[in-house]
Amino acid sequence: MTSLTQRSSGLVQRRTEASRSADKERVAGGGGGGGGGPEEESRRDEQGDDEKGDSKETRLTLMEEVLLLGLKDREVICKSDAPTGDVLLDEALKHIKETQPPETVQNWIELLSGETWNPLKLHYQLRNVRERLAKNLVEKGVLTTEKQNFLLFDMTTHPLTNNNIKQRLIKKVQEAVLDRWVNDPHRMDKRLLALIYLAHASDVLENAFAPLLDEQYDLATKRVRQLLDLDPEVECMKANTNEVLWAVVAAFTK
């Protein structure tokens, strides 16, 4: 798991990208102050459209969002057994429902990911997860499918085609730990909280923070560290908590 500490080359890249964005905004706004002119109203309208984007366009699953965060722009205890419509999740729920006695959350993560040495339980592993997620994103118009030749063989790749969806996802993650930070995980949107933990565990959270200015980057990583330093056993005992979420967090941050 990559550490969320500063690296000089990363800081230069973040400074360059963020400075370019800031310059473009100043030029577009005519260098004016904090007035309430048409440009400002237009930007507010655009922001509102972005926030509504998830309801207007195809919604992504958590696993698809984690995969999307990891893609470069040019590269590629079961409470209900009701079908969710997501093939991978339904496959996992089927295993959980049919297994007696029940396994712990930690054991299920190891079994479904294939991180088990027990040959009798290899059938639990979810196969070709990345490729299946990529195909889902192709069907949703976020990625496309191409064949690339690598000397002796052809390889199927899934380049990004809809950068707007990825940028909206990055903005959502950034705002969760900056502008909309509530300093209490139990007041955060549970899905967004899970996304942050899973993105960190998958080593792709840094991709969402790379465009930030230095001060924003430092603040974002500091707040993520606060989440990572929480004791899941303590958090799951609090009122109105999601015990399964914190059990998964405990498994990934052990």
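Cut-offs and rules
- Residues numbered from 1 in each chain as written.
- Predicted model: local features only at pLDDT ≥ 70, side-chain atom pairs only at ≥ 80, totals over all residues.
- Heavy atoms only, no water.
- Core = buried A, V, L, I, M, F, W, Y, C linked by side-chain atoms within 4.5 Å.
- Buried < 20%, exposed > 50% of the residue type's maximum accessible area, 1.4 Å probe, protein only.
- Helix = DSSP H or I, 4+ residues; strand = E, 2+ residues; numbered from the N terminus.
- Contact = heavy atoms within 4.5 Å.
- Phe/Tyr/Trp six-rings, centres within 6.5 Å; stacked < 30°, edge-to-face > 60°.
- Salt bridge = Lys/Arg side-chain N within 4 Å of Asp/Glu carboxyl O.
- Expected span 1.5 Å × (residues − 1).
- Polar contact = N/O pair within 3.5 Å; in protein donor to acceptor, adjacent residues only side chain to side chain.
- Arc of directions from axis to C-beta.

Chemist: Would you mind showing me how to read the nonpolar core here?
Modeler: A general trend in soluble globular proteins is that nonpolar side chains are found buried together. With 49 residues, the main nonpolar core has Leu68, Leu69 and Phe209 as its most contacted residues. The leading source of residues in this core is helix α9 (residues 190-201), at 7 residues. In contact with leucine 68, other than residues within four places in its own chain, are Leu60, Val142, Leu143, Leu160, Ile165, Lys166 and Leu169.

Chemist: Would you explain the packing of aromatic side chains in this entry?
Modeler: Aromatic rings in a pair are described by how distant their centres are and how their planes are angled relative to each other. Applying the stated criterion to the full structure yields 2 aromatic pairs. Centre to centre, the rings of tryptophan 108 and tyrosine 124 are 5.2 Å apart; their planes meet at 85 degrees, and the pair counts as edge-to-face. Remark: tyrosine 124 occurs in the loop between α6 (105-113) and α7 (129-139) and tryptophan 108 occurs in helix α6; sequence separation between them is 16 residues. Consider the rings of tyrosine 197 and tryptophan 246, whose centres lie 6.0 Å apart with planes at 75 degrees: the pair is edge-to-face.

Chemist: Can you help me understand the pattern of salt bridges in this one?
Modeler: In a structure, side chains of opposite charge can pair up when their charged atoms sit close to one another. A full pass over the atoms with the stated rule returns 9 salt bridges. Where aspartate 229 meets arginine 225, a salt bridge forms, and the shortest distance between an N and an O atom there is 3.5 Å. The class for arginine 225 is partly exposed, based on a relative accessible area of 37%. When the shortest N-O distance is used, the salt bridge between lysine 238 and glutamate 235 registers 3.2 Å. Given the relative accessible area of 5%, glutamate 235 is considered buried. In this structure, a network of salt bridges that share partners links the residues Glu65, Lys172 and Arg191.

Chemist: In this structure, what is going on with α9? I would like to understand it.
Modeler: In an α-helix there are 3.6 residues to a turn, and that puts residues three or four apart on one side. Compared with an ideal rise of 1.5 Å per residue, which puts 12 residues at 16 Å, α9 spans 17 Å between its outermost C-alpha atoms and is within 8% of the ideal. When α9 is considered as a whole, its buried residues turn out to be Leu192, Leu193, Ala194, Leu195, Ile196, Tyr197, Ala199 and His200. Each element contacted by the buried residues of α9 is listed here: α4 (62-70), α8 (163-177), α10 (205-209), α11 (214-228) and α13 (243-252). Of the residues flanking the start of α9, the one acting as N-cap is aspartate 189, its side-chain oxygen 3.2 Å from the backbone nitrogen of arginine 191. Positioned one or two residues after α9, aspartate 203 has a phi angle of 65 degrees, which is positive.

Chemist: Would you mind going over α6 with me for this structure?
Modeler: Among the residues making up α6, those that are buried are Val105, Trp108, Leu111 and Leu112. Seen end-on, α6 carries its buried residues on one side only, within an arc spanning 125 degrees. Of the surrounding secondary structure, the elements contacted by the buried residues of α6 are α5 (87-98) and α13. Of the residues one or two after α6, glycine 114 is the one with positive phi, at around 85 degrees.

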